[in-house]
Amino acid sequence: MRPPKAPESWDQRFLTVAMHVASWSKDRSTKVGAIAVRDRRILATGYNGLPAGVLDSDERLDNRDLKLAMTIHAEQNCVSYAARNGVCLAASTFYIWPVMTCSQCAGLLIQVDAARVIVPDFVEPLRWQESFDQARQMFSEAGVSVARIPMRGPIEPATDESEGEHEAPLPFGQ
């Protein structure tokens, strides 16, 4: 029995962790995960959902407008978790799965002095394109680098070398 083949790079490894964190979201349509990393150590994690202590009932999750009004983004949860635990995120890299950071979260990541933002190289949903473009502009002006990393190869922990090359699951049922 061979051990699982590791992803090609640390960026792929951490995007894989962000993918796992995204799976914790109860949102049925969009599951987003974020992790903050510095010196190859995870500092904080977050996923999109209702705030802690707020009931995430089917009624709220099924009503799109209500859900959007109440949801905390993965990046916001990640930063909040770090703040609650006294963790400084300056000079950290944020790995976001499966989409680019929105403009509101970009402002937050700039304020905590993020150094880099890494996202998978997937097709971005058009409905959020304007916000993604604004986020990229903000990051550029603030000196935060953004990279889109291809997610090819055996990235799943149980994948065996002999099974060949696989691609990461695509977001949003694509």
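See the structure above.
Just so we're clear, the structure is a prediction, and the values are computed from it rather than from any experiment. (Residues numbered from 1 in each chain as written. Predicted model: local features only at pLDDT ≥ 70, side-chain atom pairs only at ≥ 80, totals over all residues. Heavy atoms only, no water.)

**Student:** Run through the pattern of salt bridges, naming residues and quoting values.
**Tutor:** On inspection of all chains with the given rule, the structure shows 9 salt bridges. For D27, the salt bridge goes to K67, with nearest N and O atoms at 3.1 Å. In this pair, D27 is assigned in the loop between α1 (10-22) and β1 (33-38) and K67 in helix α3 (residues 64-70), connecting sequence segments 40 residues apart. R136 serves as the salt-bridge partner of E124, at 2.9 Å between the closest nitrogen and oxygen. Highlighted residues: E124 in the loop between β4 (116-120) and α6 (129-142) and R136 in helix α6, separated in sequence by 12 residues. Since its relative accessible area comes to 11%, E124 is described here as buried. R136 sits in the partly exposed class, given a relative accessible area of 25%. (Salt bridge = Lys/Arg side-chain N within 4 Å of Asp/Glu carboxyl O. Helix = DSSP H or I, 4+ residues; strand = E, 2+ residues; numbered from the N terminus. Buried < 20%, exposed > 50% of the residue type's maximum accessible area, 1.4 Å probe, protein only.)

**Student:** Break down α6 for me, citing the residues and quoting the values.
**Tutor:** The end-to-end C-alpha distance of α6 is 20 Å, a good match for the 20 Å that 14 residues give at a rise of 1.5 Å each. For α6, the complete set of buried residues consists of F132, A135 and F139. Down the axis of α6, the buried side of the element spans an arc of 55 degrees, and every buried residue falls inside it. Exposed residues on α6 whose side chains face more than 90 degrees from its buried face are E130, S140 and E141. (Expected span 1.5 Å × (residues − 1). Arc of directions from axis to C-beta.)

**Student:** Could you give me a rundown of the sheet that holds β1, with the residues and numbers involved?
**Tutor:** Strand order in this open sheet of 5 strands is β2-β1-β3-β4-β5, and the pairing throughout is mixed. The open sheet has two edge strands, β2 (41-47) and β5 (145-149), and neither has a second partner. The sheet shows a mean angle of 20 degrees between the axes of neighbouring strands, taken without regard to direction. Note: β4 against β5, 5 bridges, orientation parallel. Looking at β5, one finds that I118 is bridged to A147. (Pairing = 2+ DSSP bridges. Axes fitted to C-alpha atoms, helices over the stretch in contact; angles between N-to-C directions.)

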